[in-house]
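Single-letter residue listing:
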Amino acid sequence: MRGIYTPVTDIRRKVFTEVARMAYEVNELSDYEQLMRELPFKIIPGEEKSLRSSIFLERAIISERVRLAMGMSLRPLDESVPASEGLEHSVIADKYYEPPLINVIKFACNACPEKVIKVTAMCQGCLAHPCQEVCPKHAISFRNGKSHIDQSLCVKCGRCVNSCPYSAIVKTERPCAAACGMGAIHSDEHGRAEIDYDKCVSCGMCLVNCPFGAIVDKGQIFQLIHAIKKGEKVIAIIAPAFWGQFGEKVTPGQILTAMKQLGFEGLEEVAVGADLCAVEEAEEFMEHVPARQPFMATSCCPAWSVMAKKEFPGFAPYISMTMTPMVLTARLQKRKHPDCKIAFIGPCAAKKLEASRRSVRSEVDFVLTFEELRGMFAAKDIDFSQIPDTEAHYKASAPGVGFAASGGVAKAVEKVIQTKNPDREVKTVYAAGLRACRQMLRVARSGKYDGYLLEGMACPGGCIAGAGTVQPPEKSRRMLEQYEARAALDNPLDSEYMEDIELLYEDPENWDRVSRH
């Protein structure tokens, strides 16, 4: 479903656009309250249903989406609560995400069945009945000449699915649960999706794979625009996965101009932080592996590192303590501009979780996805075709840019190590998607990856496939490769920002790596 413009995508776009427009154009609390009541009717006009069983249901869901986009919480289902409940706590320029970040709008959920194998009308009742022969639990019998599965005996192994010559047996699973690499989604007492937040790492894969648009993350568009209107100097730092997200022909220079039209003070590239991250992870790897630990895992993806610490707590000391590119870039800007606020713009829902940590809050004030930023562009009627191209002055290396795709972090770190120590062999392995990451760590536990650098990314394909992206992942990969090819530098060590690295630490001569994250 990724990369297909669906009614769910359209609804998300309209909600972000209208919330951004409201934040830009309105000032009084009472006016916000009125608009929050009106927006569902603006987004879903008319009298006839178009998407669900009732137009009233459609509008009720929109109302909850608006609240979440403004950083507010879902309303209880068993109480009469106005749409603007708690609004006074959101009409501010500073607001951190309140848990939970990822939410299920219960009355939008289809109560999809959990994993099940069933026989379709395509069954031909063949003489060979291979489905019955391969079933290890004898769950398959023939009734009226057709295959029948006893669900009380079926263990969902899928052997019958693979053996049927007519593809008449199918295996289905709730899409959000199938996309969740943590096994964090189950059914509540009504069969609706429910998230186990002890397992959830906020990767956002469930929300972009729910065909009913029932899973939604909270946003900070509202607070960010209030900070801009208040006169705060807000500097945007944009993740390297941005290339192509706002149109195949949209250039970095046009994006810079558009960001200033939105009210941002400036735009910096997180890929320069990726360069610094690659250098520091390389130094950390050379210092610690294998002298002090068997392997080292990258730290860039917050969902991956949280998963590793939750499920493999013994490996926590082996995860790099280098700050993520987002934090490195943000800290660098705050040291240069002490009075600024930082808005990270990227592809990732989990970065919202990372920015809410107490150790990161002082560096990153806002986190928006590319999808949310697109809503801001629409709210201000920005037409990129009318914006002349200008020099963007992006100065990251090609490997720094490559952080956005699976395998890119490992390649960048390897490049630095080979430059600093040409005689050292560097062994790397990478995995994308939390299930693949978990398997990689299982292999590491067996000792097969001793001496390796392990790169993990929660989203299949890497950041270019994050939950907040706009373009199809494969198209994003191609665009990213073009961007890499245009980079002026081919080694993170050549970054001019290496001269500023002392700004990142209180005591650059005697800093302790473990205390930095």
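Keep in mind that what you see is a predicted model, and the values were worked out from it rather than measured.

Caption draft 1: Layout of the overall build of the protein chain. When you go through the protein chain residue by residue, the secondary structure sums to 19 helices and 15 strands. Computed over C-alpha atoms, the radius of gyration of the protein chain comes to 25 Å, within 12% of the 24 Å expected from 2.2 N^0.38 for 517 residues, which places it in the range of a compact globule. Projecting the C-alpha coordinates of the protein chain onto the three principal axes gives extents of approximately 80 × 65 × 40 Å. Relative to its full complement of 517 residues, the protein chain shows a buried share of 55%. Entry remark: accessible area of the protein chain is about 22400 Å², with carbon and sulfur atoms responsible for 49%. Each charge class in the protein chain can be summarised by its mean position, and for the 64 positive and 67 negative side chains these summaries are 7 Å apart.

Caption draft 2: Region of interest: the side chain of Asn103. Positionally, Asn103 belongs in strand S1 (residues 102-104). Classification of Asn103 as buried rests on a relative accessible area of 5%. Here Asn103 is in contact with Leu68, Leu74, Tyr197, Ala214, Ile215, Val216 and Lys218, once residues within four sequence places are set aside.

Caption draft 3: Representation of the sheet that holds strand S14 (residues 427-432) within the structure. Here three strands make up an open sheet; going across it, the order is S11-S15-S14 and the pairing parallel. Among the strands making up the open sheet, the edge pair consists of strand S11 (296-297) and S14. The sheet contact formed by S11 and strand S15 (residues 452-457) spans two bridges and is parallel. The residue of S15 that forms the bridge with Met296 is Leu453. Along the sheet face, helix H17 (residues 408-420) touches S14 and S15 and points at about 150° away from the line of S15.

Caption draft 4: Quick look at the nonpolar core. By size, the foremost hydrophobic cluster in this structure holds 164 residues, and its most contacted members are Met259, Phe264, Met376 and Leu454. In terms of residues, this core owes the most to one element, helix H10 (residues 271-288), which gives nine residues. Not counting the four nearest positions on each side in its chain, Leu454 is found in contact with Phe295, Met296, Ala297, Thr298, Val429, Met440, Leu441, Ala444 and Tyr449. Counting residues in each nonpolar core, the second largest holds twelve residues, with Cys135, Ile140, Cys160 and Ala168 among its members.

Caption draft 5: Inspection of helix H15 (residues 370-379) at higher detail. When you tally the buried positions in H15, you get eight out of ten residues, the bulk of the element. For H15, the complete set of buried residues consists of Phe370, Glu371, Glu372, Leu373, Gly375, Met376, Phe377 and Ala379. One or two positions beyond H15, positive phi appears at Asp381, with a value near 55°.

Caption draft 6: View of the state of the cysteines. For the structure on display, the rule yields zero disulfides. Lacking any disulfide linkage, Cys112 is separated from the closest cysteine sulfur, that of Cys109, by 5.9 Å.

Caption draft 7: Spatial organisation of the environment of Val443. As for its placement among the helices and strands, Val443 is situated in helix H18 (residues 434-445). Residues contacting Val443, with those up to four places away along its chain left out, are Lys448 and Tyr449.

Caption draft 8: Structural detail: the environment of Gly433. For Gly433, the position within the fold is in the loop between S14 and H18. Every residue in contact with Gly433, bar those within four places of it in the chain, is listed here: Met457, Ala458, Cys459 and Pro460.

Caption draft 9: Spotlight on the pattern of salt bridges. Enumeration over the complete set of coordinates arrives at 24 salt bridges. A salt bridge links Arg12 to Glu371, with the shortest nitrogen-to-oxygen separation between them at 2.8 Å. With Arg12 in helix H1 (residues 7-25) and Glu371 in helix H15, this residue pair connects regions lying 359 residues apart in the sequence. Residue Glu371 is classed as buried on the basis of its relative accessible area, which comes to 5%. Among the salt bridges present, the one from Lys106 reaches Asp188, with a minimum N-O distance of 3.1 Å. Taken together, the residues span a long stretch of sequence, with Lys106 in the loop between S1 and strand S2 (116-119) and Asp188 in the loop between strand S6 (185-187) and strand S7 (193-195) at a distance of 82 residues.

Reading guide: rules and limits
- In this convention, every chain numbers its residues from 1, walking through the sequence in written order.
- Note on the predicted model: pLDDT of at least 70 is required for a residue's local features to be given, and 80 or more for side-chain atom pairs to be given and counted; whole-chain, interface and lining totals, by contrast, use all residues.
- Hydrogens and waters are ignored; side-chain quantities use all the structure's heavy atoms.
- In this description a helix means any DSSP run of H or I spanning at least four residues, a strand means any run of E spanning at least two, and both kinds are numbered starting from the N terminus.
- Values of the radius of gyration come from C-alpha atoms, whereas the globule rule sets the reference at 2.2 Å times the count of residues to the power 0.38.
- Partly exposed describes any residue whose relative accessible area lies between the buried limit of under 20% and the exposed limit of over 50%, with all areas from a 1.4 Å probe on protein chains only and scaled to the type maximum.
- Residue-level accessible areas treat just the shown protein chains as cover; the underlying method is Shrake-Rupley with a 1.4 Å probe.
- When charges are tallied, Lys and Arg are placed among the positive residues and Asp and Glu among the negative ones, while His and the ends of the chain are skipped.
- Charged side chains are reduced to one point each, which is NZ for Lys, CZ for Arg, CG for Asp and CD for Glu.
- The criterion used for residue contact is that any of the two residues' heavy atoms lie within 4.5 Å.
- A pair of strands is considered paired only if DSSP assigns at least 2 bridges between the two.
- With axes taken as lines fitted to C-alpha atoms, and helix axes fitted only over the stretch in contact, angles between N-to-C directions fall between 0 and 180 degrees.
- Here, the term nonpolar core denotes a set of buried Ala, Val, Leu, Ile, Met, Phe, Trp, Tyr and Cys residues that are joined through side-chain atoms within 4.5 Å.
- The rule for a disulfide is simple: a pair of cysteine sulfur atoms within 2.5 Å.
- In what follows, salt bridge is the name for a side-chain nitrogen of Lys or Arg lying within 4 Å of a carboxyl oxygen of Asp or Glu.

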